[in-house]
Amino acid sequence: MTLLLAGDIGGTKTILRLVEASNGSALQSINEERYRSADFADLVPMVQQFLAKSNAGTPQKACFAIAGPVVNNTAKLTNLAWSLDSKRLQAELSIDQISLINDFSAIGYGILGLEKQDLHTLQVGLHNPDAPIAIIGAGTGLGQGFLIKQGEQYQVFPSEGGHADFAPRTELEFQLLKYLLDKHDIQRVSVERVVSGMGIVAIYEFLRDREARRRSDDRKLAVESPEIGKIVRAWEREAGQQEKSVDPGAVIGNAALEKSDRLCEQTMQFFVEAYGAEAGNLALKLLPYGGLYVAGGIAPKILPLIQEERFLLSFSQKGRMRRLLEDIPVHIVLNSQVGLIGAALSAARL
């Protein structure tokens, strides 16, 4: 038996899990705790408190998934005054091996540990176990990455694909592009500005601010309701603050699911189409017949909207390449702890 420690570390919360590994692959969870990250000056006292409570001994290996860039096993968290170094952590925690990985890399490893009930298959496709696997996930930002099979194992590769240029396809999307360029006084718009939590709000603001004229399908844009407007304006007033009192993206998504607000419905239709189109762009570059996995916090919450034809239609609408994309398996990741699962699997590989 090997005792492993896995962590999913974010600016707001940290989840720690203690795991036993046997037979090289089987992982058994022993204990798990959630902590408010800001309550601790560093990761070390948090882990010490967790291990003392668990009373299972000192783990031999650990892997921590970090919400931010990781360079040479060091990391500085974006929204937290922690500076982490694997060698320092090994010495202070008396753990033989510690690895720091990007949180989206952890999701890549976590894909390999998911069960059938952790996934919703949008498109069965033609699965090829030797082909690449693609991952894309919209949440606070837009993560992208891929897995390549090397021998009997997969190697995970993160990317910064979410910062590639937003590629508008329709007249309305071109208008959104110009709206964002002018509003933020910037030279380019990344796809993350559209396909993410902040992207949902940006699309809503664009549709709200756009002069009410007929769209190409001869329908008028909806007007803003007082209830949703109040929440969005509160969020706009708090621009630049680390902690917000409201989450307009969630409110807009819920209103669209409930079909209680027409402007929110139009916002989420726009968002789902842009999300599907970007997933298709990633699939064109990788041809991931091992599967394309849609992770991140947003997709499971708006699953009924993604199940509608808009996502897959935008995904496969690539001209002559359409048939290729129709053969790619597409799955929605429903398990919110996929990153923690990946951190445990990564620790087992050390």
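A quick note: this is a predicted structure, and the numbers were derived from the prediction, not measured. Per chain, residue numbering runs from 1 following the sequence as it is written. Restriction of local features to residues with pLDDT of at least 70 applies here, the model being predicted, together with a cutoff of 80 or more for giving and counting side-chain atom pairs; totals for whole chains, interfaces and linings are based on all residues. To get the side-chain values, all heavy atoms of the structure are used, and hydrogens and water are removed first.

1. Quick notes on the nonpolar core
Within soluble globular proteins, side chains that are nonpolar tend to cluster in buried spots.
For step 1, the next point in the chain: Put simply, a nonpolar core is a bunch of buried Ala, Val, Leu, Ile, Met, Phe, Trp, Tyr and Cys residues held in one set by side-chain atoms that sit within 4.5 Å of each other. Note on classification: 1.4 Å probe, protein chains only; a residue is buried when its accessible area is under 20% of the maximum for its type, exposed when over 50%, partly exposed between these limits. Ranked by internal contacts, the top residues of the largest apolar core, which has 55 residues, are Leu176, Val194, Val195, Phe271, Leu292, Val294 and Phe311.
For step 2, the next point in the chain: By definition, any uninterrupted DSSP run of H or I lasting at least four residues is a helix, any uninterrupted run of E lasting at least two residues is a strand, and each is numbered from the N terminus. By residue number, the principal contributor to this core is helix H8 (residues 262-286), which donates twelve residues.
For step 3, the next point in the chain: Discounting chain neighbours no more than four positions away, the residues touching Val294 are Ile136, Tyr275, Ala299, Phe311, Val330, His331, Ile332 and Val333.
For step 4, the next point in the chain: In terms of nonpolar packing, the next biggest core, distinct from the first, is built from 28 residues, Ile15, Phe104, Ile133 and Ala295 among them. Residue contacts are counted whenever heavy atoms from the two residues lie within 4.5 Å of one another.

2. Digging into the pattern of salt bridges
For step 1, the next point in the chain: Salt bridges are defined as contacts in which a side-chain nitrogen from Lys or Arg sits within 4 Å of a carboxyl oxygen from Asp or Glu. Here the structure, examined in full by the defined rule, presents 18 salt bridges.
For step 2, the next point in the chain: With a shortest N-O distance of 3.2 Å, Glu33 and Lys53 are connected by a salt bridge. Taken together, the positions of Glu33 in strand E3 (residues 26-36) and Lys53 in helix H1 (residues 43-54) put the pair 20 residues apart, joining distant regions of the chain.
For step 3, the next point in the chain: Among the salt bridges present, the one from Glu236 reaches Arg208, with a minimum N-O distance of 3.1 Å. In this pair, Glu236 is assigned in helix H6 (residues 226-237) and Arg208 in helix H5 (residues 197-209), connecting sequence segments 28 residues apart.
For step 4, the next point in the chain: Note on Glu236: relative accessible area 26%, which makes it partly exposed.
For step 5, the next point in the chain: Looking at Arg208, the relative accessible area reads 23%, which means it is partly exposed.

3. What about H8?
In an α-helix, one full turn covers 3.6 residues, which means residues spaced three or four apart are oriented alike.
For step 1, the next point in the chain: Look at H8: 37 Å from first C-alpha to last across 25 residues, which is about the 36 Å you get at 1.5 Å a residue.
For step 2, the next point in the chain: Where burial is concerned, most of H8 is hidden: 20 out of the 25 residues are buried.
For step 3, the next point in the chain: Between N or O atoms, a polar contact is any pair within 3.5 Å; within protein, one atom must be a potential hydrogen donor and the other a potential acceptor, and residues adjacent in sequence are included only when both atoms are from side chains. Structurally, the start of H8 carries an N-cap: the backbone nitrogen of Leu263 is 3.1 Å from a side-chain oxygen of Asp261.
For step 4, the next point in the chain: Trailing H8 by a residue or two, Leu287 shows a phi angle of about 45°, which is positive. In a helix, the anticipated span is given by 1.5 Å times the number of residues less one.

4. Here we look at the sheet that holds strand E14 (residues 330-333)
Each strand in a sheet pairs with its neighbour through backbone hydrogen bonds, running either in the same direction (parallel) or in the opposite one (antiparallel).
For step 1, the next point in the chain: One open sheet accounts for six strands, arranged E9-E14-E13-E10-E11-E12; its pairing is mixed. Both outer strands of the open sheet, strand E9 (119-123) and strand E12 (153-159), are each paired with one neighbouring strand and no more. Averaged over neighbouring strand pairs, the angle between their axes works out to 25° when direction is ignored.
For step 2, the next point in the chain: Strand pairing follows a simple DSSP-based rule, namely that at least 2 bridges must link the two strands. Across four bridges, strand E10 (residues 133-138) lies against strand E13 (residues 292-295) in parallel orientation. Looking across to E13, one finds that Gly137 is bridged to Ala295.
For step 3, the next point in the chain: Axis definition: a line fitted to C-alpha atoms, limited for helices to the stretch in contact. Angles are taken between N-to-C directions and run from 0 to 180 degrees. Against the sheet, helix H11 (residues 309-316) engages E9, E13 and E14, with an angle of about 60° to E9.

5. With respect to the environment of Ser346
For step 1, the next point in the chain: Structurally, Ser346 is set in helix H13 (residues 338-349).
For step 2, the next point in the chain: Between the C-alpha atoms of Ser346 and Pro300, which are 46 residues apart in sequence, the distance is 24 Å.
For step 3, the next point in the chain: Not counting residues up to four positions away in its chain, the partners in contact with Ser346 are Cys63, Ile101 and Tyr109.

That's the geometry; what it means functionally is another story.
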